[in-house]
Amino acid sequence: MFYQFPEDFYWGGASSALQTEGSDSSRGKTIFDVFYNLAPNRFFDGVGPNKLADFYHRYKEDISLYKAVGHNSHRTSISWARLIPDGDGDVDQEAVVYYHEVIDEFKRQGVTLIMNLMHFDMPAALQAKGGFENREVVDAYVRYAKICFELFGDKVKLWATFNEPIVTPEGGYLYDFHYPNVVDFKRAVQVSYNMIIAHAAAVKVFHQVVDGGEICTILNITPIYPRSDNPKDVAAARIADLIFVRSFLDPVLLGQWNAELVEFLGEHDLLPVGLPEDKQLIAANRVDFIGLNYYQPRRVKAKEHVPHPESVLLPESFFDYYEMQGRRMNTSRGWEIYPKAIYDMLMTIKNEYGNVKCYIAENGMGIQQEDQFRGADGVIDDTYRIAFYKEHLRYVHQAISEGVNCFGYHIWTPIDNWSMINAYKNRYGVIEFNPQTGERKLKRSGSWFKELVDANGFD
Ligand code: BGP
């Protein structure tokens, strides 16, 4: 069967400023510079977010490579700390020129941009003021958003407020994998709440400033599956769903906090502090479309042991995870490969969220030590990645044929890049990047992706 996709489908890839640009210019420090300096070998193998693939100087070449693998669209981000080094002070004019040049180059090469404002990379100076726990930092974010819309809103019409906003509270305030690496559920909830306010306020400003534009946020609403139909497993999965999925999805798409989640937070003394006008702000500023990142599902069962009353409160105080036998990515994370979840995620948007316009904003397969798959011709023969894309795209196709309003599919990521949690260990690209030499080279999946786009579908 040939899987034909809709006309004008957005085929492309996603990246982020911090993971590609490198910083051997005047960029201000982000939380990842701080984290790296504190523990260079904990996550980063001694490779910090400084030189990297140097998109900052090589953007023309890299955009040509995106084109070479067929991409007609791309999502990246502006680095808040490059544009405004201390987060809420002066705008760096060199950065303004740089982003204009990058945006112009995308246009010149015929690649539609979706520009994201923040991909985890909080300016260090603002984290020092409490990050998103502090409402003043919300104001600084909205100011930054407005500056971006005013500077670049004539040229870029598709925007995103955040990539995976939930990762900021998860990584920084629950699970100790992003700076400020504290573990405090209540503070995590406050950060989430304030990010939703920041998001809604940015959406409001966007519609005041940018004519004819559309704005989204990009969520990783990984489906949560209960282990069984047993009501205890189902109830456990529902709690995980409220915390990790509905927490952001409901306010950005429905304009209100999920009532069941609010009740749950109230029962456990986790309610955040807000302002009386927040409700109205959220209600009046829903997104125009939504970006969805998908890698792996969460699988949940009822708790086997009642947690010790003095143990630290975490989401996992209310459920346990369990692992399915099955395929996993060979990465430092070992994510499960379960393509049907991408369909389930899209159907959730159709059935429960008014079938708002959406696109797959990240989906990809990471591999460690990919060099072992290099063929005699010197090209990485990543047929496993092609199979991975096909399996997921069949489900995207099925969802579209059942009426889901999905207009695009972006891979993570065109060119192997640096990760905030494993530096260059996990490779996702369809284009190989050699961190030692800076060389870029198409993998077999890169050539396949071009054929996919040229045919607007695959067998
Ligand atoms: C997503 C993030 C990306 C990227 C990707 C792969 O959640 O939005 O920034 O990091 O995951 O993750 P990693 O490279 O850490 O394995």
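Figured I'd write up the structure that's included with this text. These figures come from a predicted structure and were not determined experimentally.

### Regarding the site of the ligand
Close contacts around the ligand come from 15 residues, with H119, E164, R333, S419 and Y428 the closest. Here an oxygen atom of the ligand sits 2.7 Å away from a polar atom, N or O, in the side chain of H119. Contact distances for the ligand include 2.7 Å between an oxygen atom and a side-chain N or O atom of E164. Here the ligand loses 95% of its free accessible area of 380 Å² to cover by the protein chains. Of the residues that constitute the shell around the ligand, the class distribution is six nonpolar, six polar and three charged.

### Details of the packing of aromatic side chains
Any pair of aromatic rings gets described here by the distance separating the centres and the angle formed by the planes. One pass over the full model with this rule turns up 46 aromatic pairs. Ring centres 4.7 Å apart and planes at 10° place the aromatic pair Y141 and F162 in the stacked group. Taken together, the positions of Y141 in helix α7 (residues 135–152) and F162 in strand β5 (residues 158–163) put the pair 21 residues apart, joining distant regions of the chain. Of the residues examined, Y141 reaches a relative accessible area of 0% and is grouped as buried. Assessed through its relative accessible area of 2%, F162 is described here as buried. The side chain of R298 reaches across the aromatic face of F244, ending 3.7 Å from its centre. Above the plane of the ring of Y338 lies R299, whose end atom (NZ or CZ) is 4.6 Å from the centre.

### Let's talk about helix α9 (residues 185–209)
For α9, spanning 25 residues, the distance from its first C-alpha to its last is 36 Å, which sits close to the expected 36 Å at 1.5 Å a residue. Summarising burial for α9: 19 of the 25 residues are buried, a large majority. Two or three places before K186, at the start of α9, stands the capping residue D184, its side-chain oxygen 3.1 Å from that residue's backbone nitrogen.

So, how was this worked out
- Residues numbered from 1 in each chain as written.
- Predicted model: local features only at pLDDT ≥ 70, side-chain atom pairs only at ≥ 80, totals over all residues.
- Heavy atoms only, no water.
- Near = heavy atom within 4 Å.
- Polar contact = N/O pair within 3.5 Å; in protein donor to acceptor, adjacent residues only side chain to side chain.
- Areas by Shrake-Rupley, 256 points an atom, 1.4 Å probe, with all protein chains shown as cover.
- Nonpolar A, V, L, I, M, F, W, Y, C, P; charged D, E, K, R; others polar.
- Phe/Tyr/Trp six-rings, centres within 6.5 Å; stacked < 30°, edge-to-face > 60°.
- Helix = DSSP H or I, 4+ residues; strand = E, 2+ residues; numbered from the N terminus.
- Buried < 20%, exposed > 50% of the residue type's maximum accessible area, 1.4 Å probe, protein only.
- Lys NZ or Arg CZ within 6 Å of the ring centre and 35° of its normal.
- Expected span 1.5 Å × (residues − 1).

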